[in-house]
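# Topology and contacts: notes
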Amino acid sequence: MSSPKFAPLTNDSFLRACLRQPTDHTPVWLMRQAGRYLPEYRATRAKAGSFMGLATNTDYATEVTLQPLERYALDAAILFSDILTVPDAMGLGLSFALGEGPKFASPVRDEAAVAKLAVPDMNKLRYVFDAVTSIRRALNGRVPLIGFSGSPWTLACYMVEGAGSDDYRLVKSMLYSRPDLMHRMLSINADAVAQYLNAQIEAGAQAVMVFDSWGGVLADGAFQTFSLAYTKRVLAQLKREHDGQRIPHIVFTKGGGLWLDEIAALEPDVVGLDWTVNLGAARARVGHKVALQGNLDPNVLFAGPEQIRDEVTRALTSFGAPVGADGRVGGHVFNLGHGISQHTPPEAVTVLVDTVHEVSRRLRRVG
């Protein structure tokens, strides 16, 4: 199947920063930038009738992906979808109740359920790939489009727990008591995630991100065995180029600061950081191996404009000049340390985005 043709990019600062190339400002996008904090998103979701009605409708998914770009001078768009589409395609029955998180009708909790798991037919996820192509066309070269998936471990958490969890008791019980079952599930998840992300790249995604949202709940040792090893398995299968263009790979482990060096050793292009990590210290640790993404505490956006500007400036200053004393470029993509809260005032995001651009341009002139 031939690849779709798209307009050339007019703002490639995000892709350049991912690949540690010079940019005239620090690019910025936000995890969950299309979402419930925007009144226009809530209006579109009401029309769609449900979250999955929104995500599975190409026109609606395109509309909500572009909504934040109409308000803010963001440097990248991210596909509107959910991290749990892959296990849904495995037949686990994903649903969302308004105001609640995701739930699976058929959790995977015993040997028989694990034995039934298989990499799903990617045609079951055609609605995602159609949305990628539609969004990329609608962007018309304005900014790059990011595709994404949950990590194998994060998917397993939801698959076993059947929903979000406070203590991860069920999934950790399986991990410790039947590691053979956990390894089988994670192997299937990793191969499914790799196929899924490659299909997003073929449909038009210009970068892809693996959200290891729950990697940080694991003990040291268990993280390396049950999360990191399977993220590595995903990255090993991902396309690095498509249609002559490099496709950056981003890995974000919430709570993963302890393992920054080991995550960087997987050689993704970008490592995402949560707000517990100091950007300057992280840059010193990883050197020039990877670019860094992050990492403002999302709750800063509930403060006043001056406080937001101060905290954004602090983060940018912590990372430092993009070109080091040795002349090598350190890539930085500004983001939050996790997804934006649904309660965030939309005007606070304007302050954040504009401050990132203004201050990062000034730091380049000073540096």
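Numbering of residues starts from 1 in every chain and runs along the sequence as written. Since the coordinates come from a predicted model, pLDDT governs what is reported: local features require at least 70, and pairs of side-chain atoms require 80 or more to be given and counted, while whole-chain, interface and lining totals use all residues. The basis for every side-chain value is the complete set of non-hydrogen atoms in the structure, without hydrogens or water.

## As for the pairing of strand β11 (residues 332-336)
Within a regular strand, side chains alternate between the sheet's two faces. Relative accessible area decides the class of each residue, using a 1.4 Å probe on protein chains only: under 20% of the type maximum gives buried, over 50% gives exposed, and in between gives partly exposed. Numbering of helices and strands runs from the N terminus, with a helix taken as a DSSP run of H or I at least four residues long and a strand as a DSSP run of E at least two residues long. Of all 5 residues in β11, 5 are buried, a share of seventy percent or more. Residues of β11 alternate between two faces, with H332, F334 and L336 on one and V333 and N335 on the opposite face, all of them buried. Where strand β10 (residues 291-296) meets β11, 5 bridges bridge the pair, whose relative direction is parallel. For Q293, the partnering residue across the bridge sits in β11 and is V333. DSSP bridges decide pairing: two strands pair if at least two such bridges lie between them.

## A closer look at the layout of surface pockets
Detection works on a 1 Å grid of protein atoms alone, calling trapped sets that fit a 1.4 Å probe cavities and calling open sets with protein on both sides within 12 Å along at least five of seven lines pockets, with lining residues defined by an atom within 4 Å of a point. Grid points are joined across faces, edges and corners, and a volume is the space filled by probe spheres set on the points. Put simply, the largest pocket is a space of about 1100 Å³. When residues of the lining of the largest pocket are assigned to their parent elements, the largest contribution, 3 residues, is made by helix α8 (residues 152-161). Looking at the lining of the largest pocket residue by residue, the class counts come to 22 nonpolar, 12 polar and 6 charged. As for the second largest pocket, its lining consists of 24 residues, and the residues nearest its centre are R136, Q206, H242, D243 and Q245. Elements with a minimum of two residues in the lining of the second largest pocket: α1 (13-18), α10 (179-203) and β7 (245-246). Among the elements that line the lining of the second largest pocket, the one with the most residues is α10, at 3 residues. Here the term charged refers only to Asp, Glu, Lys and Arg, the term nonpolar to Ala, Val, Leu, Ile, Met, Phe, Trp, Tyr, Cys and Pro, and the term polar to all other amino acids, Gly among them.

## Some points on the sheet that holds strand β8 (residues 249-253)
Pairing is parallel across the open sheet formed by 7 strands, whose spatial order is β1-β4-β5-β8-β9-β10-β11. One side of each edge strand has no neighbouring strand; the edge strands of this open sheet are β1 (77-78) and β11. Bridging between strand β5 (residues 207-212) and β8 involves 5 bridges; their strand directions are parallel. The residue of β8 that forms the bridge with M209 is I250. Any two residues whose heavy atoms approach within 4.5 Å are treated as being in contact. Throughout, an axis means a line fitted to C-alpha atoms (over the contacting stretch in the case of helices), and angles, computed between N-to-C directions, take values from 0 to 180 degrees. On the sheet, helix α13 (residues 279-286) packs against β10 and β11 and is oriented at approximately 160 degrees with respect to β10.

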